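Coordinate analysis (summary)
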Amino acid sequence: MHKLVTNTLYTILVGALNGLTTLPPRLAYGLGERLGDLVYAGLASRRRVTLDNLALALGDWQSPRERQVMAREVFRNLGRHVVDFAHLRHINAARFQQMCMDWEEAARLDAMAARGHGLLVISAHLGSWELLPAVALLLRTPVNVIVRPPDNLTVQRLSEVYRQRCGYRTIGSRQQALREALRALHRREVVGVLMDQSSVREEAVEVAFLGIKTFTPMGPALLALRAKCPVVGMFLVGEAPGRHRVVVTEEIPIARTGDMRRDLEENSRRFNEVIETQIRQHPEQWFWLHRRWKKRP
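Before going into details, it helps to say that this report is about the structure given with it. (Residues numbered from 1 in each chain as written. Predicted model: local features only at pLDDT ≥ 70, side-chain atom pairs only at ≥ 80, totals over all residues. Heavy atoms only, no water.)

**Regarding the nonpolar core**
Put simply, the rule reads: Nonpolar cores were defined as sets of buried Ala, Val, Leu, Ile, Met, Phe, Trp, Tyr and Cys residues, with membership established by side-chain atoms within 4.5 Å. Any residue under 20% of the maximum accessible area for its type is buried, any over 50% is exposed, and the rest in between are partly exposed; the area is computed with a 1.4 Å probe on protein chains only. To qualify as a helix, a DSSP run of H or I must reach at least 4 residues; to qualify as a strand, a run of E must reach at least 2; elements of each kind are numbered from the N terminus. Contact definition: two residues touch when any of their heavy atoms are within 4.5 Å.
Formed by 51 residues in total, the largest nonpolar core has its most connected members in Phe271, Trp286 and Trp288. For this core, the leading source of residues is helix 9 (residues 219-227), giving six residues. Once you skip the residues sitting within four places of it in the chain, Trp288 turns out to touch Val49, Thr50, Asn53, Leu54, Ala57, Leu58, Val74, Leu210, Ile279, Pro283 and Trp293. Counting residues in hydrophobic clusters, the runner-up holds 40 residues, among them Leu20, Trp103, Ala113 and Leu138.

**Considerations on a nonpolar patch on the surface**
What counts here: The residues that make up patches have over 30% relative accessible area and no salt bridge, and they are joined within 9 Å when like-charged or within 5 Å when they are Val, Leu, Ile, Met, Phe, Trp or Tyr. Note that accessible areas follow from Shrake-Rupley with a 1.4 Å probe, and for residues the cover is restricted to the protein chains shown. Basic side-chain nitrogens of Lys or Arg form a salt bridge, by our definition, when they fall within 4 Å of a carboxyl oxygen of Asp or Glu.
A surface patch of nonpolar side chains, about 210 Å² in accessible area, is lined by Leu35, Val39 and Leu43. As for its placement among the helices and strands, Leu35 is situated in helix 2 (residues 25-42). You can call Leu35 partly exposed: its relative accessible area is 38%.

**Here we look at the pattern of salt bridges**
Taken as a whole and judged by the stated rule, the model has 17 salt bridges. A salt bridge links Arg187 to Glu189; its shortest N-O distance comes to 3.0 Å. Looking at Arg187, the relative accessible area reads 43%, which means it is partly exposed. Residue Glu189 is classed as buried on the basis of its relative accessible area of 12%. Residue Glu239 pairs with Arg245 through a salt bridge whose shortest N-O separation is 2.8 Å. Judged by relative accessible area, Glu239 falls into the partly exposed class, the value being 39%. Through salt bridges with shared partners, a single ionic network connects Glu33, Arg34, Asp37, Arg72, Glu73, Arg76 and Arg80.

**Let's talk about the pairing of strand 7 (residues 231-240)**
Applicable threshold: Paired strands are those between which DSSP finds at least two bridges.
Among the 10 residues in strand 7, seven count as buried, and that is most of the element. In this sheet, strand 7 lies alongside strand 1 (residues 119-123) in parallel orientation, the contact comprising three bridges. Its bridge partner lying in strand 7, Leu120 is registered against Val231. Examined bridge by bridge, strand 7 and strand 8 (residues 243-248) share six bridges and lie antiparallel to one another. For Ala240, the partnering residue across the bridge sits in strand 8 and is Arg243. Hairpin geometry of strand 7 and strand 8 is characterised by an intervening segment of two residues between the two adjacent antiparallel strands and by a positive phi of about 85° at Gly242.

**A look at unusual backbone geometry**
Residue Leu210 is not a glycine yet carries a positive backbone phi of 55°. By secondary structure assignment, the location of Leu210 is in the loop between strand 5 (204-209) and strand 6 (212-217). Positive phi, normally seen in glycine, also occurs at Lys228, with a value near 55°. Structurally, the position occupied by Lys228 is in the loop between helix 9 and strand 7.

**Digging into the packing of helix 2 against helix 4 (residues 64-86)**
To characterise two packed helices, one gives the angle between the axes of the helices and the distance between these axes. Condition: Lines fitted to C-alpha atoms define the axes, with helix axes restricted to the stretch in contact, and inter-axis angles between N-to-C directions lie between 0 and 180 degrees. Orientation categories follow fixed angle ranges, with anything under 35 degrees roughly parallel, anything over 145 roughly antiparallel, 65 to 115 roughly perpendicular, and all other angles oblique. Note: crossing handedness is left-handed where the near helix turns anticlockwise from the far helix by less than a right angle, and right-handed where it turns clockwise. Residues were grouped as follows: Ala, Val, Leu, Ile, Met, Phe, Trp, Tyr, Cys and Pro as nonpolar; Asp, Glu, Lys and Arg as charged; and all remaining residues, including Gly, as polar.
Interhelical geometry of helix 2 versus helix 4 gives an angle of 130° and a closest axis separation of 7 Å. Judged by the inter-axis angle, helix 2 sits oblique to helix 4. Note that helix 2 runs across helix 4; the crossing there is right-handed. Each of Ala28, Tyr29, Gly32, Glu33, Arg34, Leu35, Gly36, Asp37, Val39 and Tyr40 in helix 2 lies in contact with helix 4, whose residues at this interface are Gln68, Ala71, Arg72, Phe75, Arg76, Gly79, Arg80, Val82, Val83 and Asp84. Split by residue class, the contact of helix 2 with helix 4 holds nine nonpolar, four polar and seven charged.

**Some remarks on the layout of surface pockets**
Rules: Here a cavity denotes grid points, spaced 1 Å and computed from the protein atoms alone, that fit a 1.4 Å probe unable to get out, and a pocket denotes an open set having protein on both sides within 12 Å along at least 5 of 7 lines; residues with an atom within 4 Å of a point are the lining. Grid points are joined across faces, edges and corners, and a volume is the space filled by probe spheres set on the points.
Considering only enclosed or pocket space, the second largest pocket measures out at about 260 Å³ in volume. Around the second largest pocket, the lining is made up of 14 residues, and of these Pro25, Tyr29, His87, Met99 and Gly242 lie nearest the centre. When contributions to the lining of the second largest pocket are tallied by element, the ones reaching two or more residues are helix 1 (2-22), helix 2 and helix 5 (93-99).

**Quick word on the packing of aromatic side chains**
What counts is decided by this rule: Aromatic rings from Phe, Tyr and Trp, with only the six-membered ring used for Trp, were paired whenever their centres fell within 6.5 Å, and each pair was classed as stacked if the ring planes differed by under 30 degrees, edge-to-face if by over 60, and tilted otherwise.
Counted under the stated rule, the structure contains eight aromatic pairs. With a centroid separation of 5.7 Å and 45° between ring planes, the pair formed by Phe209 and Trp286 is classed as tilted. A residue pair is termed long-range when its members are at least 10 positions apart, and Phe209 in strand 5 and Trp286 in the segment after helix 10 (260-281) qualify at 77 residues. Neither Phe209 nor Trp286 differs from the other in exposure class; each is buried. Each ring, one from Phe209 and one from Trp293, has its centre 6.1 Å from the other, and the planes form 40°; the classification is tilted. In this pair, Phe209 is assigned in strand 5 and Trp293 in the segment after helix 10, connecting sequence segments 84 residues apart. When its relative accessible area of 0% is taken as the criterion, Phe209 is described as buried.

Spelled out as structure tokens, the structure:
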């Protein structure tokens, strides 16, 4: 019975997503925004988390009314993100370039990875983050992305099917993620990781995120130190419904003092600052629904 329900739900979701791709873009993204409005109105718990997070991180320069307006826009952005995700089913290099303003930095990333130690890319749940790894379609270098499998089996199955079109390999096991990522970097490949969410104490360091000290995943800093690879930040920022801009930062300097704990903290802080810059520039596009500061020192 459970399998029947899962398969039925999967079929319904695929049908809905496919339907979105057949609509005129203006109508499809308009429906996405209305979906965001419905979730904002109906999912009170996540609405409260979003407003609390905005107050905690941005309260110094936002009034309560401004936070409500921002929170609603956050949910609408997620609705637009659903439409972008639907297009992954039919994504290819030409369509990605069309959606992402003819991105032309592939050669620079290929060159960085080819220097001998691979390339580590840090990112965040910002803009249309599921579409971002499709840059793999434009790179000569193989791309690996560390992902956390969704808890819901239907969503997990859906994600796997749609991500297969993007041309990258997923690294999903927490126990083996570091080992597999290191192997990929040693093969001079690209490894991408989203590092803006909360982490368990044993796998984290205590550094500030948006001005609030909290536990930050130390895996990316550990990868950079062990692989001795270059590191950049990469984000997909929405410019208009269905139109995005790929932001690639300059190479992030890596601190190597020989004191492992100190280096993990310092490099994690530097990575956080790169992410914070993008969030502060585009706060309505970040995933404020997550309890980022639920675990604090």
